[in-house]
Structures are given as C-alpha cells and as structure tokens.
Amino acid sequence: MLGVAGLKGAVAVDQLSLDDSLAALADRKIDAMFWSGGLPTPLITEYNRKIGLRLLDMSSLMPGMQRFSPVYGTATIPGSTYDQGGPVTTLVVPNFLVVPTSMSADVAEALTKGLYDARPALAAVNRAALSIDVHPGIETGPLPLHPGALAYYRAEKV
C-alpha cells in the first residue's frame, strides 16, 4: 500500500501489535497505523474514546491496489462505527479458510458446514462473524475451491 501511495522508503515502517500501535499513536511516537480486522475492533473503539482517531479514505489507492493484486476490494465503514464524521471508504481483502489439497472431500465439506453452523457462536464472541455469509463464500479466487467445500455449497444451493 505504501508503494502504491508513493510512500515506500519515504516513511519509517515498524511492525507493532495492535496494542503497541495504538499506544504509540497515543504517545505520538507514530503518525499512522494500518489495521485489518473485524468491525468494530474493541481496542480501536477504546483508543478512539481516549485520544480520538481519524480513519483515512483509501478509495484513491484502489486502482493501484487492484493492479498489485485483484483480491483487493473496497468497503464502507459507517461513520457511527468509530464516531467519525461520516462513512469512510477502506480497502478490504477476503478471509479464506485454506486447507491442503490432500484433505478429503468429506472432511472439507464437514469443515465448511461447521464454519457456517458456528456463525452464531462466533458472532457472540465477535460481531464481525455476522459478516460470514454463505453466498459469497463460494468465491475463492485466486485460490481454487476445494471439492468438498463445493459439495457443501451445492447442497445448500448457493
């Protein structure tokens, strides 16, 4: 992303945990951070209340990011998620459940079913699990869909 924005080599880059990144922002040791995770992220909500955070619109980087890899997409974070002035466009990447091609079709089908069956329990722990949706689940490009997962989706008539 820094390369697409023309900033590669122009800014110092540290790889910190989310906790350390937010603490460094609060202490003004860093100016910005990247985070990829479910919404809302409780620690970001907490720091937003403490110090005030601003999300940056990333839509202008989208064409370059898609040239880098077609897996990137955009999504809108509602302003109410982190008390922003309005909605903010951000970059998104899908999450994949990746298994070896040697996994049996029966196990892959059961694993896929188990993921969707567990959605309510997962959502009780993290609301981001509410976004787990069977309909786009079949779209796994650039990785091929495992035949066992395909059997699950066919059984669900997705």
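Above this note sits the structure.
Reading guide: rules and limits
- Residues numbered from 1 in each chain as written.
- Predicted model: local features only at pLDDT ≥ 70, side-chain atom pairs only at ≥ 80, totals over all residues.
- Heavy atoms only, no water.
- Helix = DSSP H or I, 4+ residues; strand = E, 2+ residues; numbered from the N terminus.
- Areas by Shrake-Rupley, 256 points an atom, 1.4 Å probe, with all protein chains shown as cover.
- Phe/Tyr/Trp six-rings, centres within 6.5 Å; stacked < 30°, edge-to-face > 60°.
- Buried < 20%, exposed > 50% of the residue type's maximum accessible area, 1.4 Å probe, protein only.
- Lys NZ or Arg CZ within 6 Å of the ring centre and 35° of its normal.
- Axes fitted to C-alpha atoms, helices over the stretch in contact; angles between N-to-C directions.
- Parallel < 35°, antiparallel > 145°, perpendicular 65-115°, else oblique.
- Contact = heavy atoms within 4.5 Å.
- Nonpolar A, V, L, I, M, F, W, Y, C, P; charged D, E, K, R; others polar.
- Expected span 1.5 Å × (residues − 1).
- Arc of directions from axis to C-beta.
- Core = buried A, V, L, I, M, F, W, Y, C linked by side-chain atoms within 4.5 Å.

Assigned secondary structure in the protein chain consists of 7 helices and 2 strands. Across the protein chain, helices and strands are ordered from the amino to the carboxyl terminus as α-α-α-β-β-α-α-α-α. The principal-axis extent of the C-alpha atoms belonging to the protein chain is close to 50 × 35 × 25 Å. By element, 55% of the accessible surface of the protein chain is carried by carbon and sulfur atoms, the whole surface being about 10,900 Å².

A separate point is the packing of aromatic side chains. By convention here, two paired aromatic rings are described through the distance between centres and the angle between planes. What the rule picks out here adds up to 4 aromatic pairs. Judged by centre distance (5.6 Å) and plane angle (5 degrees), the rings of Tyr116 and Tyr152 are stacked. Here Tyr116 is found in helix α4 (residues 105-117), whereas its partner Tyr152 is found in helix α7 (residues 147-155), with 36 residues between them in sequence. Just as Tyr116 is buried, Tyr152 falls in that class too. Joined through ring pairs, the aromatic side chains of Tyr116, Tyr152 and Tyr153 make up one cluster. A cation over a ring is seen here: Lys50 above Tyr47, with NZ or CZ 4.7 Å from the ring centre.

This part is about unusual backbone geometry. For the peptide bond that leads from Leu39 to Pro40, omega is -15 degrees, which places it in the cis range. Tracing the backbone shows Pro40 in the loop between α1 (18-26) and α2 (42-51). A positive phi angle, close to 60 degrees, is found at Arg28, a residue other than glycine. Even without being a glycine, Asp83 presents a positive backbone phi close to 50 degrees. In this fold, Asp83 is placed in the loop between β1 (73-77) and β2 (88-92).

In helix packing, the relevant descriptors are the interaxial angle and the interaxial distance, both defined with respect to the helix axes. Running from N to C, α1 and α2 point in directions that differ by 10 degrees, and their axes come no closer than 11 Å. Between α1 and α2, the crossing angle belongs to the class labelled roughly parallel. Residues Leu18, Asp19, Leu22, Ala23, Leu25 and Ala26 of α1 pack against Leu43, Ile44, Tyr47 and Ile51 of α2. Among the residues forming the contact of α1 with α2, the class breakdown is 9 nonpolar, no polar and 1 charged.

Now for α4. Taking 1.5 Å of rise per residue, the 13 residues of α4 would be expected to cover 18 Å, and the 18 Å separating its terminal C-alpha atoms lies within 8% of that figure. Looking at α4, one finds that the buried residues are Ala108, Thr112 and Tyr116. Seen end-on, α4 carries its buried residues on one side only, within an arc spanning 70 degrees.

Counting 10 residues, the largest nonpolar core consists of Leu18, Leu22, Ala24, Leu25, Ile30, Leu43, Ile44, Tyr47, Ile77 and Tyr82. Put simply, the parts of the chain that give this core at least two residues each are α1 and α2. The element that contributes the greatest number of residues to this core is α1, accounting for 4 residues. Those residues within four positions of Leu25 in sequence are excluded, and the remaining contacts are Ile30, Asp31, Ala32, Met33, Ile51 and Leu53.

Keep in mind these values describe shape, not function.
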